[in-house]
Amino acid sequence: MTSRRQFLKTLGGVTLLTVVPRNVLGKGFIAPSDELTKGIIGVGSMGRNHIPYDNTRVVAICDVDKNHLAKAASMINNKVNEYHDFRDLILDKSVDIVHIATPPHWHGIMSMEAAKAGKDIFCEKPMTRTIGESKRVVEAIQQYGNIFRLNTWFRFKDNFYGLGTPVKPLKKLIDSGMLGWPLKVTISQHSGFDWKFFWVGKTHLEPQPVPAELDYDMWLGPAPYKPYNAHRVHGTFRGYWDYDGGGLGDMGQHYIDPVQYLLGKDNTSPVKVEVDAPQQHPDAVGTWRSVTYTYDDGCQIILWGGDYGKPGTPYISGPNGNVYRNFVCDIPDWQKKLADFPEPKEQNTNFLESVRTRQKFALNEINGHRSCTIVNMGLVALRLNRTLEYDPVKEMFVNDEEANRLIDQPMRAPWSI
């Protein structure tokens, strides 16, 4: 297994041509018929689901669970390199795109190391587990010039949960000004959203033997050491603060990123977050009733957990009108009036085309960082169980040292970001 010191030494000592993929160097262009290659880090259910991806070929896979690795390898017809250590996959010269499908506590480190190695990056949501980690990823992408895609897509395709419409017509309605300003967006079970409230942790985990197929120390990586229990890993890791943030941490970017786009907030953050929740356990994520974000212009995003809140509440409410489930608006003749307004600006929604042309993808490291920040602001407020004020320019909480310590959280040696 390549050590971290050896890995960094390798990155520093080889020529760029040995680590930068052919879509960046070489002839500087990939013909439309040229198939891009992909390496997947983390081949549990999420990683295996993404083995088939249009016009790409998986040439490398990595997992710390031997059973996951064997199952993924059996699904791939071509020759595939199998790795235990993600750093070896990142240095694989045959890989153009690194797909990160691990638990979120690994996303920041892996994205940064892939960026250093000249790879383009396809990262599962949430972008990172902390605000500080996604800031570091943005800095790395800007330094090394990679193409980054965050894998949530509702800002540009598919019907948006209970709204019965893609986001584009909602964007057109908001941009028209017909609803007025500021707007309030309420995300709840009543409007078709499911926070997956069963993704909570257990507060009394008995130590268990580590299965022979799992490298638990490597699975933990930068997370604090805690004795193995099956509920900490694989599908149920989401219920623990060290690795994720429950339903809000895992599903939050799916729901919040399109709202950020709708409100035109891709380059800023809320200035306040308020929570209504029971006191959280220091290890295990619990449930909550509501999380409310407020921007400096008065716009709000309100999250209602479980069945909390009032049925029939508009999804979007403004001074001049409201939007309900199934894209119902209460402004008279709104569809006829809306037809006279311009369509929203087209987005670059083909990731592979972004890789070929070096043009930013629709959901990239910059706007992805901002929507991930909204999620992580809420998680910090939940852990501390209090209202927090936030400076979107300095990207720090205002006059709250305890909250700011959760922006950049310590990592277990030898890992760092």
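Calculation rules
- Residues numbered from 1 in each chain as written.
- Predicted model: local features only at pLDDT ≥ 70, side-chain atom pairs only at ≥ 80, totals over all residues.
- Heavy atoms only, no water.
- Helix = DSSP H or I, 4+ residues; strand = E, 2+ residues; numbered from the N terminus.
- Rg over C-alpha atoms; globule rule 2.2 N^0.38 Å.
- Contact = heavy atoms within 4.5 Å.
- Areas by Shrake-Rupley, 256 points an atom, 1.4 Å probe, with all protein chains shown as cover.
- Lys, Arg positive; Asp, Glu negative; His and termini not counted.
- Charge placed at Lys NZ, Arg CZ, Asp CG, Glu CD.
- Salt bridge = Lys/Arg side-chain N within 4 Å of Asp/Glu carboxyl O.
- Buried < 20%, exposed > 50% of the residue type's maximum accessible area, 1.4 Å probe, protein only.
- Core = buried A, V, L, I, M, F, W, Y, C linked by side-chain atoms within 4.5 Å.
- Pairing = 2+ DSSP bridges.
- Right-handed = clockwise from strand over helix to strand, strands pointing away.
- Expected span 1.5 Å × (residues − 1).
- Axes fitted to C-alpha atoms, helices over the stretch in contact; angles between N-to-C directions.
- Parallel < 35°, antiparallel > 145°, perpendicular 65-115°, else oblique.
- Nonpolar A, V, L, I, M, F, W, Y, C, P; charged D, E, K, R; others polar.

Draft legend 1. Main features of the overall build of the chain. Within the chain one finds 14 helices and 15 strands. For 417 residues, the compact-globule formula gives about 22 Å, and the C-alpha radius of gyration of the chain, at 22 Å, lands near that figure. The dimensions of the chain, computed from C-alpha atoms along their principal axes, are 65 × 55 × 40 Å. Nonlocal contacts in the chain, meaning residues at least 24 apart in sequence, comprise 67% of its contacts between residues at least 6 apart. For the chain, the exposed area adds up to about 17,700 Å²; of that, 51% sits on carbon and sulfur atoms. Between the mean site of the 48 positive side-chain charges and the mean site of the 47 negative ones, the chain shows a separation of 2 Å.

Draft legend 2. Geometry of the pattern of salt bridges. On inspection of all chains with the given rule, the structure shows 22 salt bridges. Glu 346 serves as the salt-bridge partner of Lys 168, at 2.8 Å between the closest nitrogen and oxygen. Note that Lys 168 is positioned in helix 8 (residues 167–176) and Glu 346 in the loop between helix 11 (334–338) and helix 12 (351–357), a separation of 178 residues in sequence. Owing to a relative accessible area of 35%, Lys 168 belongs among the partly exposed residues under this scheme. Note that Asp 175 is salt-bridged to Lys 171, the shortest N-O span being 3.6 Å. Taken together, the positions of Asp 175 and Lys 171, both in helix 8 and 4 residues apart, correspond to about one turn of that helix. Relative accessible area serves as the criterion here: at 48%, Asp 175 is assigned to the partly exposed category. Residues joined in a network through salt bridges with shared partners are Lys 226, Arg 232, Asp 242 and Asp 283.

Draft legend 3. Highlighting the environment of Asp 54. Note on placement: Asp 54 falls in the loop between helix 3 (45–49) and strand 2 (56–62). Sequence separation between Asp 54 and His 234 is 180 residues, and the spatial gap between their C-alpha atoms is 27 Å.

Draft legend 4. Representation of the nonpolar core in the model. Ile 187 and Leu 303 are the most contacted members of the largest nonpolar core, which has 58 residues in total. The element best represented in this core is helix 13 (residues 365–384), accounting for 8 residues. In this structure, Leu 303 is in contact with Ile 187, Trp 195, Leu 248, Ile 256, Trp 288, Arg 289, Ser 290, Val 291 and Tyr 293, ignoring residues within four places of it in sequence. Within the second largest apolar cluster, 53 residues are counted, among which are Ala 60, Ile 109, Ala 115 and Ala 284.

Draft legend 5. Molecular detail of the pairing of strand 5 (residues 120–124). Judged by how many residues are buried, strand 5 sits mostly within the fold: 5 of 5 residues are covered. Of the two faces of strand 5, both are covered, the one formed by Asp 120, Phe 122 and Glu 124 as well as the one formed by Ile 121 and Cys 123. As paired strands, strand 4 (residues 97–100) and strand 5 are joined by 4 bridges and run parallel to one another. Within the sheet, the bridge partner assigned to Ile 100 lies in strand 5 and is Cys 123. Regarding topology, helix 6 (residues 107–116) serves as the crossover connection from strand 4 to the parallel strand 5, and that connection is right-handed. Relative to strand 6 (residues 148–151), strand 5 runs parallel, the two being bridged by 4 bridges.

Draft legend 6. How the structure looks around helix 13. With 20 residues, helix 13 should reach 28 Å at 1.5 Å per residue; the first-to-last C-alpha distance of 27 Å fits that figure. Just downstream of helix 13, Asn 385 is the residue with a positive phi angle, here 55°.

Draft legend 7. Seen up close, the packing of helix 7 (residues 131–144) against helix 13. Packing of helix 7 against helix 13 leaves a shortest axis separation of 9 Å and a crossing angle of 175°. As summarised for this structure, helix 7 and helix 13 are arranged roughly antiparallel, according to the angle between their axes. In this structure, helix 7 contributes Ile 131, Ser 134, Lys 135, Val 138, Ile 141 and Gln 142 to the contact, and helix 13 contributes Glu 365, Ile 366, His 369, Thr 373, Asn 376 and Met 377. Residues that form the contact of helix 7 with helix 13 fall into these classes: 5 nonpolar, 5 polar and 2 charged.

Draft legend 8. Structural context of the pairing of strand 1 (residues 36–41). Of all 6 residues making up strand 1, 6 are buried, and the element is well covered by its neighbours. Both faces of strand 1 are covered, namely the face carrying Leu 36, Lys 38 and Ile 40 and the face carrying Thr 37, Gly 39 and Ile 41. Alignment of strand 1 against strand 2, held across 6 bridges, turns out to be parallel. Residue pairing in the sheet places Gly 39 in a bridge with Ala 60 of strand 2. Direction of pairing for strand 1 relative to strand 4: parallel, over a ladder of 4 bridges. Bridge pairing in strand 4 places Gly 39 opposite Val 98.

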